[in-house]
Every structure is written in C-alpha cells, then in structure tokens.
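Descriptive analysis of the structure
Letter by letter, the chains look like this.
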Amino acid sequence: MPNPTEAEEYYQRIRTDDHPVPLGVLAPPLREFVRGVGEDIPQAEILPLNRSQDEPLYSRLGIAVRVPARDIKEVCPRLVATAIDLRLLTYDRDGGYVMGM
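Residues numbered from 1 in each chain as written. Predicted model: local features only at pLDDT ≥ 70, side-chain atom pairs only at ≥ 80, totals over all residues. Heavy atoms only, no water.

1. Comments concerning the pattern of salt bridges
Two side chains that carry opposite charge are able to pair once their charged atoms sit near each other. Here is the rule we go by: By convention in these notes, a salt bridge is any Lys or Arg side-chain nitrogen within 4 Å of a carboxyl oxygen on Asp or Glu. Secondary structure elements are defined from DSSP: runs of H or I of at least 4 residues count as helices, runs of E of at least 2 residues count as strands, and each element is numbered from the N terminus. For every residue, the accessible area obtained with a 1.4 Å probe (protein chains only) is divided by the maximum for its type, and the residue is called buried under 20%, exposed over 50%, and partly exposed between those limits.
Summed over all chains, the structure comprises five salt bridges. The partner of glutamate 8 in a salt bridge is arginine 93, and the shortest N-O contact between them spans 2.8 Å. Pair noted here: glutamate 8 is in helix H1 (residues 4–15) and arginine 93 is in the loop between strand E6 (89–92) and strand E7 (97–100), with a separation of 85 residues, a long-range link. Notably, a salt bridge pairs glutamate 74 with arginine 78, separated by 3.2 Å at the nearest N-O pair. Of the two residues, glutamate 74 and arginine 78 are both situated in helix H3 (residues 72–85); the distance of four residues between them amounts to about one turn of the helix. A residue is classified by how much of its surface remains accessible, and glutamate 74, at 44% relative accessible area, is partly exposed. Arginine 78 sits in the partly exposed class, given a relative accessible area of 31%.

2. A word on the nonpolar core
Rules: Only buried residues count toward a nonpolar core. Its members are Ala, Val, Leu, Ile, Met, Phe, Trp, Tyr and Cys residues joined through side-chain atoms within 4.5 Å. Any two residues having at least one pair of non-hydrogen atoms within 4.5 Å are treated as being in contact.
Judged by nonpolar contacts, the single largest core of 16 residues is most densely connected at Leu26, Phe33, Val37, Ala44, Ile46, Ile63 and Leu79. When contributions to this core are tallied by element, the ones reaching two or more residues are helix H2 (28–40) and H3. Among the elements that make up this core, the one with the highest residue count is H2 (four residues). Look past the residues within four positions of leucine 26 in its chain and what remains in contact with it is Val21, Arg31, Val34, Tyr58, Ser59, Arg60 and Ile63.

3. Thoughts on the sheet that holds strand E4 (residues 55–58)
Here is the rule we go by: A pair of strands is treated as paired once DSSP finds two or more bridges between them.
Across the sheet, which stays open at both edges, the three strands sit in the order E1-E4-E3 with antiparallel pairing between neighbours. Each edge of the open sheet is held by one strand with a lone partner, namely strand E1 (21–22) and strand E3 (50–52). Pairing of E3 with E4 involves three bridges; the strand directions are antiparallel. By the bridge assignment, serine 52 is partnered in E4 with glutamate 55.

Following this line, the structure appears as structure tokens:
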C-alpha cells in the first residue's frame with residue numbers, strides 16, 4: 001500500500017493523464033466504481049479529465065472523486081466500501097490517508 005506521499009504523486013498522475021478514455025475502455029473495476037458511485041452515491045462527484053463528443057473521459061490510472069464537505073461523514077465510508085469491494089485503493093487528500101485492498 002502506498003504511503004500518503006506516493007498516493008499524492010499517483011493522484012497527480014491521474015489528474016494530468018494525457019490519454020483519457022471513455023468509460024467503456026476502463027478496466028472493469030474502475031468502470032464498475034464509476035457506475036456504482038454514480039448510481040448509489042449521488043452526493044459524490046466523479047471528476048472526468050475531459051470530454052469527447054459529450055462523453056466523459058477518465059484516466060486508466062484511477063478515478064478522482066469530489067465530495068462536498070457537508071456530506072463527508074455519510075459519503076466517505078460508502079466510497080471506501082465500494083472501492084474495497086472492487087479491490088481498489090482510496091486516497092483522502094485532506095486527511096492524507098490511503099485505504100483499501
């Protein structure tokens with residue numbers, strides 16, 4: 001599991017990925033994470049890197065999510081649980097911690 005410094009570096013690579021892809025091209029766990037969060041956790045905002053022909057584009061490296069401060073206590077445990085179910089890691093930039101499989 002990466003330490004917070006490594007996780008921040010990886011996050012920066014995700015956010016600056018020069019080759020984002022449509023949802024259907026993502027690896028199955030990332031694709032299921034985007035779909036699951038979109039359907040089950042409406043307070044969480046999946047952050048696409050770009051758009052192509054009105055379709056959001058995402059990094060193959062990972063998915064960035066924004067949660068309003070007022071919803072953190074309710075939403076974060078659900079995001080982490082979704083990620084763990086899919087064997088993904090989560091990184092909380094504000095808290096500086098990494099969780100997951």
